[in-house]
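Chain by chain, the residues run as shown.
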Amino acid sequence: MGYAHVYAHEIMHRGRVPMEPADFVPDWADRPRKAKFHPDAETLPLPESPEPPEQAVGGVRGFTLPLLSGMLRDSYGLTGRRLAVQANTDLAALPHYTHANWSRGTASGGGLYPVSVHWAAGPGGPLTPGLYHYAPHQHGLRRLLTGDVTGEVRSALGPGAGAAAAATQYLVLGVKYWQNAFKYNSFSFHAVSMDVGALVQTWRLWAARYGLRIDPVLWFDEERLARLLGVAPEEEGIFAVVPLTWDGAPGAGRSGAAPAPAVTPDPETAPAVRHRDVERSRRVLVFETLRRIHEATAGRAADRPAPDALDAAAAFPPRGGDPLPLPAPPVPPVTTRRALRERRSSFGRFDASRPLAAGPFAAALADCAATAYGTEAERPGGPPLTSLYAFVNHVEGIAPGAYAYDPAAHTLRLRVPGPPGSFLQRNYFLSNYNLEQAGAVIVPTVRTTAVLDAVGDRGYRLVGATIGAVAQTFYTTAAAFGLGAGVALGFDNISYREELGLTGTDEAPLLIMLLGHDRPRPADFRHEIA
């Protein structure tokens, strides 16, 4: 049993046994920047992107620079300023420009956005081949290295990477741990794993309207990619490599050039970035738990599991009372881009005086159930890893209670009858939500230990990213229907396991997702006319 099992146990029990260091207090005056900073690197502005179509379209052969620009802008770029009156604890600081909360299409634990996006641009693309870092605050690309390094990426992917080995363009996702650990210390690894999954799912939703696929690769030589990116492996984890299908380059560059071959692992001659991120914090702390879980989950291409390995960790069939049919999910009234631009957390603004309609509730369940991280370890058409449960407070036509969702039959099965509001609020640790006021609280679970047994310790990153992807789908669906939404990690996981009757199983409730109507006519800041 690897260390990831120990970490998973501590995460599940942290509501009752605090994780070390239990007395930690963030030094907000010495917090890191919200994005990497390369002061000597040239920044290239990205072009305006076309407005995504109302309906999915065909005929798009691959990404173009405007399409990639749009996907980056709508996922991690700054799209507006959030200054609404709400119940989160940081409200007092937000009116000050230095503490402004800029909205993004992708959700992030604590709004910290620690994922760094690098583009390894090869032949056939619109830019000089090289390595670029996406600067979200400038919506531009910082050129960190000139020259085709895609062969180095392929070498890191190793044998068995499938179609990813034929790509000429790659997005490489890293996490600078201090950017999150300064606030969440040992818990941060759990949070950032979800952040990566939320970002990838935003890309998948965005690209799907053009008929493009986003298939992340999770198993690779992480140390080799860290060297290429010029980061210390113990300070920044490389969590995913996303190959891009590029317009005009089906397996080769637009010019007809073949992808650069994989190169031998020689640290003396391997390419590496010289432009380094400049840290703002005067003091950077190291947390032993974070160091150990990073080392336990570090990627090795040779450890890539067989395509059917995760079958042993599939979600259990839903159990409960007689099936309660749900209405067919209605079509969202707005586009994915608009939903991403309007995505936000409700933070205490839920209003139970207006029950949640069953249609959007059913849509949220169906969309979340259909979400997967989509790595090379998950075979197409394979069984899902997540189960969904719903605590119903105020949903039209559905009696209050706790239910299991059956995605195959699109029904609910009663687990615990009666209003769940008292249980929900009693087991929530923060003061920014009244859970009873939400129409429903949806809880995704994963058989975490079964995943780790099936694919090894790196599977913890897969578990977190899968839950993060579900959370991003939830937020986007809620925004598309004009509903309030919130996602929270501050709850007693074990109490939820006990309440849902999951004791004795390895199902782990890892997130709670609140859905309902917000109070009408909220006070807000009109950033677009300021």
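Residues numbered from 1 in each chain as written. Predicted model: local features only at pLDDT ≥ 70, side-chain atom pairs only at ≥ 80, totals over all residues. Heavy atoms only, no water.

**Considering the pairing of strand β11 (residues 401-406)**
- Burial runs high along β11: six of the six residues are buried.
- By the alternation rule, side chains of β11 split into G401, Y403 and Y405 and A402, A404 and D406, which are all buried.
- By the bridge criterion, four bridges tie strand β10 (residues 386-392) to β11 in an arrangement that is antiparallel. Its bridge partner being in β11, F391 is matched across the sheet by A402.
- Sheet analysis places β11 next to strand β12 (residues 411-417), joined by six bridges and oriented antiparallel. Along β12, the bridge assignment pairs D406 with T411.
- The hairpin turn running from β11 into β12, its antiparallel successor, is four residues long, and H410 in that turn takes a positive phi close to 55°. (Buried < 20%, exposed > 50% of the residue type's maximum accessible area, 1.4 Å probe, protein only. Helix = DSSP H or I, 4+ residues; strand = E, 2+ residues; numbered from the N terminus. Pairing = 2+ DSSP bridges.)

**Notes on the nonpolar core**
- Counting residues in hydrophobic clusters, the biggest one holds 109 residues, and the most contacted among them are F63, W119, W203 and F361.
- Among all residues touching W203, those that are not within four sequence positions of it are M71, L72, S75, V117, L171, L173, I214 and V242.
- Counting residues in hydrophobic clusters, the runner-up holds 24 residues, among them A120, V149, L157 and Y170. (Core = buried A, V, L, I, M, F, W, Y, C linked by side-chain atoms within 4.5 Å. Contact = heavy atoms within 4.5 Å.)

**Brief notes about helix α3 (residues 150-157)**
- Burial analysis of α3 places eight of its eight residues in the buried class, which makes it a mostly covered element.
- Among the residues making up α3, those that are buried are T150, G151, E152, V153, R154, S155, A156 and L157.
- Tucked into the core, α3 has its buried residues touching β4 (115-121), β7 (169-176), α6 (222-229) and β8 (236-244).
- A positive backbone phi angle near 70° is found at G158, which sits one or two residues after α3.

**Let's talk about empty space enclosed by the protein**
- Counting across every chain of the model gives three cavities of 30 Å³ or more.
- In this model, the largest cavity occupies a volume close to 90 Å³.
- Mapped onto the lining of the largest cavity, the elements with two or more residues apiece are β4 and β5 (130-135).
- Top element by residues in the lining of the largest cavity is β4. It accounts for three residues.
- Of the residues that constitute the lining of the largest cavity, the class distribution is eight nonpolar, three polar and four charged.
- Considered as a void within the structure, the second largest cavity measures approximately 40 Å³ in volume.
- I11, R14, F187, H190, L489, F491, N493 and L510 are the residues that line the second largest cavity.
- Considering only residue class, the lining of the second largest cavity consists of five nonpolar, two polar and one charged. (1 Å grid on protein atoms, 1.4 Å probe; cavity = no way out; pocket = protein on both sides within 12 Å on 5 of 7 lines; lining within 4 Å. Points joined across faces, edges and corners; volume = space filled by probe spheres on them. Nonpolar A, V, L, I, M, F, W, Y, C, P; charged D, E, K, R; others polar.)

**Remarks on the environment of A465**
- Looking at the secondary structure, you find A465 in helix α12 (residues 459-480).
- Owing to a relative accessible area of 1%, A465 belongs among the buried residues under this scheme.
- Along the chain, A465 and V200 lie 265 residues apart, while their C-alpha atoms are 8.5 Å from each other.
- Sequence-distant contacts of A465, that is, excluding residues within four places in its chain, are made with S193, M194, G197 and Y373.

**Description of the packing of aromatic side chains**
- If you walk through the whole model with that rule in mind, you get 22 aromatic pairs.
- Relative to Y113, the ring of Y76 lies with its centre 5.2 Å away and its plane at 80°, an arrangement referred to as edge-to-face. Residue Y76 is located in the loop between α2 (65-75) and β2 (80-82), and its partner Y113 is located in the loop between β3 (101-103) and β4; the two are separated by 37 residues in the primary sequence. Y113 carries the same exposure label as Y76, and that label is buried.
- A network of ring pairs unites the aromatic residues Y7, Y177, F189, F239 and Y460 as a single cluster.
- Sitting above the plane of the Y76 ring, R104 keeps its charged end 5.3 Å from the centroid. (Phe/Tyr/Trp six-rings, centres within 6.5 Å; stacked < 30°, edge-to-face > 60°. Lys NZ or Arg CZ within 6 Å of the ring centre and 35° of its normal.)

**Considerations on helix α1 (residues 3-13)**
- Within the span of α1, buried status applies to Y3, A4, H5, Y7, A8, I11 and M12.
- If you follow the buried residues of α1, they end up packed against α5 (188-208), α7 (288-297), α11 (448-455), α12, α13 (493-499) and β15 (507-509).

**Some words on the pattern of salt bridges**
- Taken as a whole and assessed by the stated rule, the structure comprises 23 salt bridges.
- Here R291 ties to E288 by a salt bridge, and the two come within 2.4 Å at their closest N and O atoms. Here R291 pairs with E288, and both are found in helix α7, just three residues apart, close to one helical turn.
- Exposure remark for R291: the relative accessible area of 30% places this residue in the partly exposed category.
- Residues joined in a network through salt bridges with shared partners are R16, D492 and E498. (Salt bridge = Lys/Arg side-chain N within 4 Å of Asp/Glu carboxyl O.)

**Brief notes about the sheet that holds β5**
- Read across the open sheet, the six strands follow the order β1-β6-β5-β4-β7-β8; overall the sheet is antiparallel. Each end of this open sheet is capped by a strand with a single partner; those strands are β1 (42-45) and β8. Adjacent strand axes in the sheet meet at a mean angle of 30° when their direction is disregarded.
- The pairing of β1 with strand β6 (residues 140-146) spans four bridges and is antiparallel. In the strand pairing of β6, L44 is matched with L141.
- Strand contacts of α2: β4, β5, β7 and β8, with the helix running at about 170° to β4, the strand carrying the most contacts. (Axes fitted to C-alpha atoms, helices over the stretch in contact; angles between N-to-C directions.)

**Observations regarding the packing of α11 against α12**
- Interhelical geometry of α11 versus α12 gives an angle of 140° and a closest axis separation of 8 Å. Comparing their axes, α12 and α11 come out oblique. Note on packing geometry: the crossing formed by α11 with α12 is right-handed. Mapping the contact onto sequence places T448, V451, L452 and V455 in α11 and G459, Y460 and V463 in α12. (Parallel < 35°, antiparallel > 145°, perpendicular 65-115°, else oblique. Left-handed = near helix turned anticlockwise from the far one by under 90°.)

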